[in-house]
Amino acid sequence: MSKAPVRVAVTGAAGQIGYALLFRIASGEMLGKDQPVILQLLDLPQAQKACQGVIMELDDCAFPLLAGVFATDNPDVAFKDADICMLVGARPRGPGMERAELLSANGAIFTVQGKSIAENAKEDVKVLVVGNPANTNAYIARKSAMKVGRTNPANYHGMLRLDHNRALSMAAAKIGRPVSSLRKMAVWGNHSPTMYTDYRNATSNGDSVKALINDAAWNNDVFLPTVAKRGAAIIEARGLSSAASAANAAICHVRDWVLGTEDWVTMGVPSDGSYGVPEGIIFGFPCECKNGSYKIIQGLEIDAYSQEKIAKTLKELQEEADAVKSML
Ligand code: NAD
Ligand code: LMR
C-alpha cells in the first residue's frame, strides 16, 4: 500500500531557489522514491502568475509521487497541516552586500510566518529557513512560533548545509580524494563570513583529514576564508546568488533530518547550551539524525584556536539577535 502524502510548504516558490528545489522534491529526491508529496507554495501576490507557470511545469513532468500542488499568497493557507516548511522566500543580497544587511528587509517576513506555522502546521512540523540571514531569520520564526506554542521549538532550523557541502568539496580537492570518502566535517556558528569550518575531526576513508592536509596556514588563510566567502564569490561570478547549490543543500538538510544520517552533518539548530552557546541561538553544530529527530554531537574537544573562532561567530549572532529584539 502506498504511503500517505507528506505536505511540504515552500515559500519563495517563484524564485530562483524555488525553481531548483520543487522539481527535485516532487521527484522523490528529498523524502524518498516511495514517498508521495503535496507541495503547498507560498509567494507574494505579484508572483502568483509565475507560481502558476511553475505548477504547469510540475504537471508536465507527470511525477508519480506528486499527489497535489497549489500556490497561494496567504501564509495560513500555505502552512495548513504542513509536515515540512522550507522558508526560502526573502530578498537575496546583491554584489558588495553582507547577509546581515538583509535583516531589516527580511526579518519581518519571519515574524509573520513563524506565527502562521505555529497556528496552522502539524504540531511536529520541521522548519528549515533558507532565506538570509538564515540563522537569525530562523531565530525570529522560532521566537514568534513559541509565543503561539503548539509546535516543537527544537524544529526551527537555519541552513548551514551549503557551507558544509562547500567545505567537503574543497577539502576533497585538497587531499585528492573523492567527496564520498569524507566524514565528520563541521561548520560552527553563523551562515556568514564568521562561520568556523572545522575539519579537525574529519576523516577520509578513516584517515585524519587534518593530518593529510597538515598545513595550518592553508587552513587559516585559504580554506576558512574561501568557504566563508563562497556565497559572495558566486554572486560576483553569476550576478545572482547561488540557487541550485542552495536548493541542493536544503534537500540534503531535510533528507538527513527525516531519513537519518550515517554519520554527522552540519545543521543550524537552536542551541540547548551545548559548547557554551546560549540556549535558543540558531547555531551551526555537527549533528546526527535518527527516526526523524536530531542530536548535537557532544564531547568534541575545542582547542584555543577553535574557541576563539566559535566565540567570534557567536558574538555576531548575539548582536543580530539584539538587533531584532524590537520585532519580537
Ligand atoms: P529570488 O529573489 O530569486 O526569490 C525570492 C522569492 O521569494 C521571490 O519569488 C519573492 O517574490 C519571494 N518572496 C519575497 N518575500 C516573500 C514573502 N514574504 N513570502 C513569500 N515569498 C516571498 O531569491 P533566491 O535566489 O531564490 O533566494 C532566496 C533567499 O535565499 C535569499 O534571501 C537568499 O539570500 C537566500 N539564500 C540562502 C542560502 C543559504 O545557504 N542559507 C543560499 C542561497 C540563497
Ligand atoms: C550563499 O551562501 O551562497 C547564499 O547565502 C547567498 C549569499 O548571499 O551569499
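Where an unreviewed UniProt entry is consulted, the chain appears under the name Malate dehydrogenase, with the organism given as Propionivibrio dicarboxylicus. UniProt annotates the chain under Sequence similarities (unreviewed entry) with the comment "Belongs to the LDH/MDH superfamily. MDH type 2 family." UniProt, in its Catalytic activity (unreviewed entry) section for the chain, records the words "(S)-malate + NAD(+) = oxaloacetate + NADH + H(+)".

Novice: Which parts of the structure should I look at to understand the site of ligand 2?
Specialist: What surrounds ligand 2 is the set Arg93, Arg99, Asn132, Leu162, Arg166, His191, Gly231, Ile235, Ser241 and Ser242. In the model, an oxygen atom of ligand 2 is placed 2.5 Å from a nitrogen or oxygen of the Arg93 side chain. Bound to the protein, ligand 2 loses 94% of the 260 Å² it would expose on its own. Assessed atom by atom at 2 Å from the grid points, ligand 2 resides in the largest pocket. Within the residue set of the shell around ligand 2, elements represented by two or more residues are α6 (161-175) and α9 (230-238). Lining the shell around ligand 2 are residues from two domains, each supplying at least three of them: domain 1 (6-158) and domain 2 (160-327).

Novice: In this structure, what is going on with empty space enclosed by the protein? I would like to understand it.
Specialist: If you roll a probe as big as a water molecule over the atoms, it shows you where there is empty space left. As enumerated under the stated definition, the model contains 1 cavity of 30 Å³ or more in all. Each pocket or cavity is described by its volume, and for the largest cavity that value is around 40 Å³. In terms of lining, the largest cavity is formed by Asn135, Thr136, Tyr139, Ile281, Ile282, Leu317 and Ala321. Those elements giving two or more residues to the lining of the largest cavity turn out to be α5 (134-148) and α11 (304-323). Broken down by element, the lining of the largest cavity gets its largest block of residues, 3 residues, from α5. Here the residues of the lining of the largest cavity sort into 5 nonpolar, 2 polar and no charged.

Novice: What am I meant to see in the site of ligand 1 here?
Specialist: The environment of ligand 1 is formed by 25 residues, the closest being Gln16, Asp43, Arg91, Val130 and Asn132. In the environment of ligand 1, an oxygen atom lies 3.0 Å from a nitrogen or oxygen atom belonging to the backbone of Ile17. Between ligand 1 and Val130, the relevant distance is 3.1 Å, taken from a nitrogen atom to a main-chain nitrogen or oxygen of the residue. Contact with the protein chains covers 86% of the free accessible surface of ligand 1, which is 870 Å². Structurally, ligand 1 is housed in the largest pocket. Of all the elements in the fold, those that place two or more residues in the shell around ligand 1 are α1 (16-26) and α4 (103-120). When grouped by side-chain class, the residues that make up the shell around ligand 1 number 13 nonpolar, 10 polar and 2 charged.

Novice: Teacher, can you tell me more about the UniProt feature "active site" (unreviewed entry) in the chain here?
Specialist: The feature "active site" (unreviewed entry), as annotated in UniProt, sits at His191 in this numbering. Tracing the backbone through its elements, the reader meets His191 in the loop between β8 (186-188) and β9 (196-198). For His191, the residues in contact, after removing those within four places along its chain, are Arg99, Asn132, Asn135, Met159, Leu160, Asp163 and Arg166.

Novice: How should α6 be read in this particular structure?
Specialist: Think of an α-helix as turning once every 3.6 residues; residues three or four places apart then point the same way. With 15 residues, α6 should cover 21 Å at 1.5 Å per step; its first-to-last C-alpha distance of 21 Å lies within 8% of that length. Here α6 lies mainly inside the structure; 12 of its 15 residues are buried. Those residues of α6 lying buried are Arg161, Leu162, Asp163, His164, Asn165, Arg166, Ala167, Leu168, Met170, Ala171, Ala172 and Ile175. Of the residues one or two after α6, Gly176 is the one with positive phi, at around 70°.

Novice: Can you help me understand the nonpolar core in this one?
Specialist: For soluble globular proteins, nonpolar side chains are generally found buried alongside one another. One finds Cys85, Ile117, Trp188, Phe223, Phe283 and Phe285 to be the most contacted residues of the largest nonpolar core, which totals 66 residues. When residues of this core are sorted by domain, at least three fall in each of domain 1 (6-158) and domain 2 (160-327). Those residues in contact with Phe223 that sit more than four places away from it in its chain are Ala167, Met170, Ala171, Met185, Thr197, Tyr199 and Trp218. Counting residues in hydrophobic clusters, the runner-up holds 36 residues, among them Leu22, Val37, Ile84 and Ala249.

Reading the values: rules and limits
Residues numbered from 1 in each chain as written. Chains lettered and ligands numbered in written order. Predicted model: local features only at pLDDT ≥ 70, side-chain atom pairs only at ≥ 80, totals over all residues. Heavy atoms only, no water. UniProt positions renumbered as here; feature names shortened; annotations may be inferred. Near = heavy atom within 4 Å. Polar contact = N/O pair within 3.5 Å; in protein donor to acceptor, adjacent residues only side chain to side chain. Areas by Shrake-Rupley, 256 points an atom, 1.4 Å probe, with all protein chains shown as cover. 1 Å grid on protein atoms, 1.4 Å probe; cavity = no way out; pocket = protein on both sides within 12 Å on 5 of 7 lines; lining within 4 Å. Sits in = over half its atoms within 2 Å of the grid points. Helix = DSSP H or I, 4+ residues; strand = E, 2+ residues; numbered from the N terminus. Domains from an automatic or database assignment. Points joined across faces, edges and corners; volume = space filled by probe spheres on them. Nonpolar A, V, L, I, M, F, W, Y, C, P; charged D, E, K, R; others polar. Contact = heavy atoms within 4.5 Å. Expected span 1.5 Å × (residues − 1). Buried < 20%, exposed > 50% of the residue type's maximum accessible area, 1.4 Å probe, protein only. Core = buried A, V, L, I, M, F, W, Y, C linked by side-chain atoms within 4.5 Å.

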